Amino acid sequence: MAMKTLSLALLLGAASTAFGSEGFYGLSAETIEGKKSPLSSYKGKVALVVNTASECGYTSQYKGLEALYEKYKGKGLVVLGFPSNDFGGQEPGSNAEIKKFCEKKFKVSFPMFSKNPVKGTEKQPVYKFLTETGNPKLAGEVGWNFEKFLINREGEIVARYKSGVAPESPELDRAIQSELATK
């Protein structure tokens, strides 16, 4: 038992080193416009990270995500969209097409990032952190489009919501308000 505990501690230590001591905010990602963006620019904010797709049954959640962003951005919330074509080929477009779709159809103004895998061996570093090492209690592959991760101001994953949890859900709203109340 002691060996398993030690091995887990070493593994978690290696993960912490691999992703930096700042957790989520120690990572970077490419914006939908193709520019490298350090997520440290959101440090001190509460982040709701969502993998998105333009041709999914949940695509209408963009409207709710934008509403959440508008409602709470002044209090420190940022919504971060990560398009992915991992589920049923439901995000076939280029970054430019995705950006145009989101802005035109849903008036999305929250930050969007380049289309990249969020599961499997090719998943991007942000999703490696979210699904593998950021919080062992919430680890596991993303199951479908519009799965949500709530990140606190210190860059720690504090909650995870499956696709069926709408942005307007009282459960998600309460969790966001609770994190925003923590300074």
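Note: the structure precedes this text.
Residues numbered from 1 in each chain as written. Predicted model: local features only at pLDDT ≥ 70, side-chain atom pairs only at ≥ 80, totals over all residues. Heavy atoms only, no water.

A. Spotlight on the sheet that holds strand β3 (residues 46–52). Pairing is mixed in the open sheet, where four strands are placed in the order β4-β3-β5-β6. The open sheet has two free edges, formed respectively by β4 (77–83) and β6 (157–161), since each of these has just one partner strand. When strand polarity is set aside, the average angle formed by the axes of neighbouring strands in this sheet is 20°. Two elements, strand β5 (residues 148–151) and β6, share four bridges in a ladder whose sense is antiparallel. (Pairing = 2+ DSSP bridges. Helix = DSSP H or I, 4+ residues; strand = E, 2+ residues; numbered from the N terminus. Axes fitted to C-alpha atoms, helices over the stretch in contact; angles between N-to-C directions.)

B. Structural view of unusual backbone geometry. Phi at Lys 107 takes a positive value of approximately 55°, unusual for a residue other than glycine. Summarising the element assignment, Lys 107 is placed in the loop between α3 (95–106) and α4 (125–133). The class for Lys 107 is exposed, based on a relative accessible area of 59%. Positive phi, close to 70°, is recorded for Phe 146, a residue that is not glycine. (Buried < 20%, exposed > 50% of the residue type's maximum accessible area, 1.4 Å probe, protein only.)

C. Representation of the pairing of β4 within the structure. Counting buried positions along β4 yields seven of seven residues, so the element is predominantly enclosed. Burial of β4 is two-sided: the residues Leu 77, Val 79, Gly 81 and Pro 83 facing one way and the residues Val 78, Leu 80 and Phe 82 facing the other way are all buried. Of the pairings in the sheet, the one linking β3 to β4 comprises seven bridges and is parallel in character. Pairing of Val 49 across the sheet is with Leu 80, part of β4. Handedness of the crossover is the feature at issue here: the chain leaves β3, passes through helix α2 (residues 61–72), returns alongside β4, and the resulting connection is right-handed. (Right-handed = clockwise from strand over helix to strand, strands pointing away.)

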